[in-house]
Structure formats: C-alpha cells, structure tokens
Amino acid sequence: EAELVKVKNLIVQYMSELKQIFRYYSQPSSPEDRTMKAVSGGQRVSTPGSSSLIRLTENQEGTLVENAFAMSMLDFWKFAKDCRIPDPRLTLAEIDRVFMLVDRNNQERNDLASIHNPQKKLVYRHFLEGVVRLADFKYKDLKGTGDRLCHCLYQNILPFACQDK
C-alpha cells in the first residue's frame, strides 16, 4: 500500500515531464517525417506557443498535426536506448517480455509474432506502466518499487530522454 502511494506520487510529481517524453518519442518515424526533419535541418518543428518537446508532423493533406496519442514499440525501444535502460540483464527482447505483462487483456499477447512487433502501439498509460515495470526489473537490488522508479527517473530517464543526437 505504501509503495503504491510512493509510485503514484512520483508519477504525479513528474507527470508533465513524462508526458513530454511520451510526445517526443511518439513522433512517427515515417519516410515523410525523415524528409521533414531534413528540410527543417534536423530540428523539431513546432508552432508558436507549443512546448519545445511536442513534435508536429505533416499529414497527407499537408497540415501539421500532433501525434501524441500512441507510441510504437520501436519508439519505446529508442526511448529505452536513449535513457540507457538496456544492459546485459535487460535486453530489448526482455523489454518486450515486460510489455507482455502490461496489456494482460490483449488477445495478441500470446502470439509470438506480435510480442516483438516494432509497430505495436502503446498508449500513454501503457508507457507509464512499462516505465514502472522496467525500473522494477532493472533495479531489483533496491528496496521497493518506489525507490526503483525514483532511481530510474533520476539516473536514466530525466537526464537522457529527448536528447537529439
């Protein structure tokens, strides 16, 4: 009970940062997006008054739309790698297995082809649960899920997420 409260408090405390991280990585990696990045000099495309981490992309009609509703597993893998989460114990394949637990009601969860599908979509709540589960898995030596999440946020996610390379 106390651990659950600690985890909830950490998520609430860093909600805006986590949402910005989710938006940053949920940008599509389509060929059109890469072309748009090249045209904009590799910089984020944003409109006045929008957050610097919110990315906008051009749809087929040529209008800019925000894509902050779903993140692909490929985007999550990039997030994990940028944040230096994978290690010899926690490979990308293991990260996929962790995500099998996130959406227990998904009928595809037992389908081996869908487990490692890079286009599988995650909504924000799945992203949050995945971050908590990965922190719990990666830092097993720390006592309690709250401490593990806190350590992961301070050592991995906040310093390294959303860094253009």
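Turning next to the pattern of salt bridges. In this structure the tally under the stated criterion is six salt bridges. Its salt-bridge partner being Asp87, residue Lys138 comes within 2.9 Å of it at the nearest N-O pair. Of this pair, Lys138 sits in helix α7 (residues 124–138) while Asp87 is found in the loop between α4 (73–82) and α5 (92–102), placing the two residues 51 residues apart along the sequence. Since its relative accessible area comes to 9%, Lys138 is described here as buried. A salt bridge links Arg148 to Asp136; its shortest N-O distance comes to 2.6 Å.

Scanning all chains against the criterion turns up nine aromatic pairs. Centroid distance Phe22 to Tyr124: 5.4 Å. Interplanar angle 75 degrees. Geometry classified as edge-to-face. In this pair, Phe22 is assigned in helix α2 (residues 15–25) and Tyr124 in helix α7, connecting sequence segments 102 residues apart. Here the two residues Phe22 and Tyr124 agree in accessibility, since each one is buried. Joined through ring pairs, the aromatic side chains of Phe22, Tyr24, Tyr25, Phe76, Phe79, Tyr124 and Phe127 make up one cluster. The side chain of Lys140 reaches across the aromatic face of Phe137, ending 4.3 Å from its centre.

If you look at the biggest cluster of nonpolar residues, it comprises 36 residues, and the most contacted ones within it are Phe76, Phe79, Phe127, Leu149 and Ile157. Breaking this core down by element, the ones donating at least two residues are α1 (2–13), α2, α4, α5, α7 and α8 (145–160). Examining the composition of this core, we find that seven residues originate from one element, α7, more than from any other. Ignoring any residue separated from it by four or fewer positions in sequence, one finds Ile157 in contact with Ile21, Phe79, Cys83, Ile85, Val131 and Cys152.

Here we take up the packing of α1 against α8. Following both chains from N to C, one finds α1 and α8 inclined at 25 degrees, their axes separated by 8 Å at the closest point. Between α1 and α8, the angle is such that the two are roughly parallel. Contact residues: α1 offers Glu3, Lys6, Val7, Leu10, Ile11 and Gln13, while α8 offers Thr145, Gly146, Asp147, Leu149, Cys150, Leu153 and Tyr154. Of the residues contributing to the contact of α1 with α8, the split by class is seven nonpolar, three polar and three charged.

Here α8 contains 16 residues, and its C-alpha end-to-end distance of 21 Å stays within 8% of the 22 Å for a straight helix at 1.5 Å per residue. In α8, a bend of some 45 degrees at Leu153 exceeds every other bend along the element. Of the surrounding elements, those touching the buried residues of α8 are α1, α2, α4 and α7.

Calculation notes
Residues numbered from 1 in each chain as written. Predicted model: local features only at pLDDT ≥ 70, side-chain atom pairs only at ≥ 80, totals over all residues. Heavy atoms only, no water. Salt bridge = Lys/Arg side-chain N within 4 Å of Asp/Glu carboxyl O. Helix = DSSP H or I, 4+ residues; strand = E, 2+ residues; numbered from the N terminus. Buried < 20%, exposed > 50% of the residue type's maximum accessible area, 1.4 Å probe, protein only. Phe/Tyr/Trp six-rings, centres within 6.5 Å; stacked < 30°, edge-to-face > 60°. Lys NZ or Arg CZ within 6 Å of the ring centre and 35° of its normal. Core = buried A, V, L, I, M, F, W, Y, C linked by side-chain atoms within 4.5 Å. Contact = heavy atoms within 4.5 Å. Axes fitted to C-alpha atoms, helices over the stretch in contact; angles between N-to-C directions. Parallel < 35°, antiparallel > 145°, perpendicular 65-115°, else oblique. Nonpolar A, V, L, I, M, F, W, Y, C, P; charged D, E, K, R; others polar. Expected span 1.5 Å × (residues − 1). Bend = angle between axes of the 7 residues up to and from the residue.

That is the geometry; function is a separate question.
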